[in-house]
Amino acid sequence: MASVKLKAKALEGGLVEVKALMTHPMETGLRKDSAGELVPAHYITEVVVTANDKEVLKTNWGGSVSKNPYLAFNYKGAVGDKVKLTWKDNKDATDSAELTVE
Amino acid sequence: MKKLLLPGLLMSSLALTAVYAAEEPNADAYREMTYGDRDANPALLVVDRGEELFKEKRGPKNVSMEECDFGLGKGVVKGVYAELPRYFQDTDRVQDLESRMITCMTTIQGFDEAELKKKTYANEKSNEDNTDLEAIAVYIASQSDGMKINPPTAHPKEQEIIKVGEALFYHRTGPLDFSCASCHGADKKRIRLQNLGNFSKAGHDAQKAIGGWPTYRVSHAAVRTMQHRIWDCEGQMRLPDTEYGAPLSVALIAYLTAQAKDGAYVLPGMSR
Amino acid sequence: MKKPILASLALIILAGGAWAADDDKAIQALVDQYISTGYQQGEKQHSERLKQDETLKTCSETRNKPSDDQAKTIMEREKATIKYPEGNKMLGNWEKGKEVFNTGFGMRVGVIAPDKADKPRGGNCYACHTADPKEVAAGNIGNSLTGYIKVRGNSEEVVKYTYEKIFNSQSYVACSNMPRFGHNGVLSPEQIADLVAFLVDPASPVNK
């Protein structure tokens, strides 16, 4: 199952609005399990969004971001742009989603 | 002079009341800021997972849940939640969404009931992901987004269970002497800063609560269904764990849904 | 000709009343049945908590609006259950009382979070009552207790009333929303005496 839910739509004024939800546990590394043992950190470290292969957003994340995080932003673009979002986490897992702006 | 003063005094006391009302402690503004954007609801991820689980051929009989009748005919998902709980002839009882799911998953897909009920809810204290039951429930419920809350009441068993639910709503027991009505029986009450709906009367409060459930509870980082809501409330009343989908919880859900009739479903919901 | 019509009308009304009573009984039977099957079983579950006493039975049936006679019976019965602390010392330590007032821990059962045996319970009073004006997150199901002695004074009678009210709220108000903290064994007589001090001690923030 895809772990990313990506949406993008063209706004007035030459902008594209991107919205994304990502399925991820975002373990801080500070939480203890029922046996009192620390649960190892497991969180997204980097999200990159490209439009027509050109980077429009890059963000570095850490353990303070919530589980199943939500990201929304605008960039200068237009209908027809190919938008792609990719995340990477601290265990070197990665996933991505892409779409064409309508 | 006195006559002139009086209206002035009245005016200022009215103004004071207005200011006081505006400053009643609540977290509404914060919540609007956090949950105002429906695309920001992580429940949407769980809805997608629920849809896959719903359509997948599963269980010992390798059948999809599309073979199930949720009240509007076999395979119909759209709008079924808006007309639940309802009486089902095959089980000869009134069922809510989740008790109906158990019926389908045991009879049509061949799952073992005890096995299914072993793990009904994700434990937020262990940062667990939603269970399959929660995911399937929120998928089905979301297919009634934007519809009117319209539980049927024509069948005698539907009328009966609503009455039983109402009596249960006022049933006081346990070490704190609570019933549902202890917290949800009057207008504009709060536990600490948490607003409490008045569900003893039909209309706004019940419509807002029922209409937004199942909901993504941000404090749990998980989707929560009505069965979970009842289980959680009963636990706060310091009563034993409720049995998933048993007539007790279905009766309470039927009563609350009847109180919410004609409200609108905005699903999936998002809340504290 | 008028009389027979009236008589038959009366008959219909009587029959209607009897039907309604039967209906209530049938609903009550289902309530009992649903409660017996509605909760999980097992030693962790403490299903004895599902048994109502006579007082709660009356409160449930009347939806917390008992008749005058029922209210009198309840208040007399509940008053007789009150137990007092060692040496009748109903005024404890307000600082300890503040802890009890603000602690919500206690009486949990079931699979997720049963009580730790060694952790002291609280009354969770601020969930419903404002008392210390510095506590901004207090609830409003109960009345405000801020400035307690300004309203009531702190005579011996007030101390005794306050103790009894917390020990068994229904000894003063039949079918009160408030739990019977002492009667139900949620709080000990000594904890209740500390709560009394939190409310009536002039040094307590409640009275500042």
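Note: the structure precedes this text.
Every chain begins its residue count from 1, and numbering advances along the sequence as written. Here every chain gets a letter starting at A, and every ligand a number starting at 1, in the order they are written. The model is predicted, so local features are restricted to residues of pLDDT at least 70 and side-chain atom pairs to those at 80 or more, both for listing and for counting; the totals for chains, interfaces and linings are taken over all residues. Hydrogen atoms and water are omitted, and side-chain values are computed over all heavy atoms in the structure.

Caption draft 1: Fine view of the overall build of chain C. The way it works is that DSSP assigns letters per residue, a run of H or I at least four long becomes a helix, a run of E at least two long becomes a strand, and they are numbered from the N terminus. The number of helices and strands found in chain C is 7 helices and 0 strands. Ordering the α and β elements of chain C from the N terminus gives α-α-α-α-α-α-α. Taken across its 208 residues, chain C has 42% of its residues classed as buried. The long-range fraction of contacts in chain C, counting pairs at least 24 apart against all pairs at least 6 apart in sequence, stands at 59%. The rule is simple: take the accessible area with a 1.4 Å probe, protein chains only, and divide by the maximum for that residue type; under 20% is buried, over 50% is exposed, in between is partly exposed. Contact criterion: two residues are considered in contact whenever any of their non-hydrogen atoms come within 4.5 Å of each other.

Caption draft 2: Fine view of the packing of aromatic side chains. All names here are of chain B. Between 30 and 60 degrees the pair is tilted, below 30 it is stacked and above 60 it is edge-to-face, where a pair is any two Phe, Tyr or Trp rings, Trp via its six-membered ring, whose centres lie within 6.5 Å. For the coordinates displayed, the defined rule picks out 12 aromatic pairs over all chains. Measuring from ring centre to ring centre gives 5.2 Å for Tyr 121 and Trp 231, while their planes differ by 35 degrees; the resulting arrangement is tilted. Separated by 110 residues along the polypeptide, Tyr 121 in the loop between α5 (113–117) and α6 (132–142) and Trp 231 in helix α10 (residues 226–236) bring together distant segments of the chain. Each member of the pair, Tyr 121 together with Trp 231, is buried.

Caption draft 3: Broad picture of the pattern of salt bridges. Here, a salt bridge means any Lys or Arg side-chain nitrogen found within 4 Å of an Asp or Glu carboxyl oxygen. Taken as a whole, this structure holds 37 salt bridges over all chains when the rule is applied. The closest approach of N and O atoms between Lys74(B) and Glu67(B), which form a salt bridge, is 3.3 Å. A salt bridge links Glu54(C) to Lys57(C); the shortest N-O distance between them is 3.9 Å. Of this pair, Glu54(C) and Lys57(C) both sit in helix α2 (residues 54–61), 3 residues apart, roughly one helical turn. Connected through salt bridges with shared partners, the residues Lys7(A), Lys19(A), Asp37(B) and Asp39(B) form a single ionic network.

Caption draft 4: Seen up close, the side chain of Gln52(C). With respect to the helices and strands, the residue Gln52(C) is situated in the loop between α1 (2–38) and α2. With relative accessibility at 16%, the residue Gln52(C) sits in the buried group. The term polar contact refers here to a pair of N or O atoms within 3.5 Å; inside protein, the definition further demands a hydrogen-donor-capable atom paired with an acceptor-capable atom, and it admits residues adjacent in sequence only when both atoms are side-chain atoms. Among the polar contacts made by the side chain of Gln52(C), one reaches the side chain of His171(B) at a distance of 3.4 Å. Within polar-contact distance, the side chain of Gln52(C) engages the backbone oxygen of Arg172(B) at 2.9 Å. Those residues within four positions of Gln52(C) in sequence are excluded, and the remaining contacts are His171(B), Arg172(B), Thr173(B), Lys57(C) and Ser60(C).

Caption draft 5: Up close: the sheet that holds strand β5 (residues 215–217) of chain B. Residues and elements named next belong to chain B. Note on pairing: two strands pair once DSSP finds at least 2 bridges between them. Judged by pairing direction, the sheet is mixed, and its 3 strands sit side by side in the order β6-β5-β7 without closing on themselves. What marks the edges here is a single partner per strand, and that holds for β6 (222–224) and β7 (269–271). Strand-to-strand twist across the sheet, computed as the mean angle between neighbouring axes with direction ignored, equals 35 degrees. Bridge count between β5 and β6: 3 bridges; the pairing is antiparallel. Following the sheet pairing, Arg 217 is matched in β6 by Ala 222. Between N-to-C directions, angles span 0 to 180 degrees; the directions come from axes that are lines fitted to C-alpha atoms, helices contributing only their stretch in contact.

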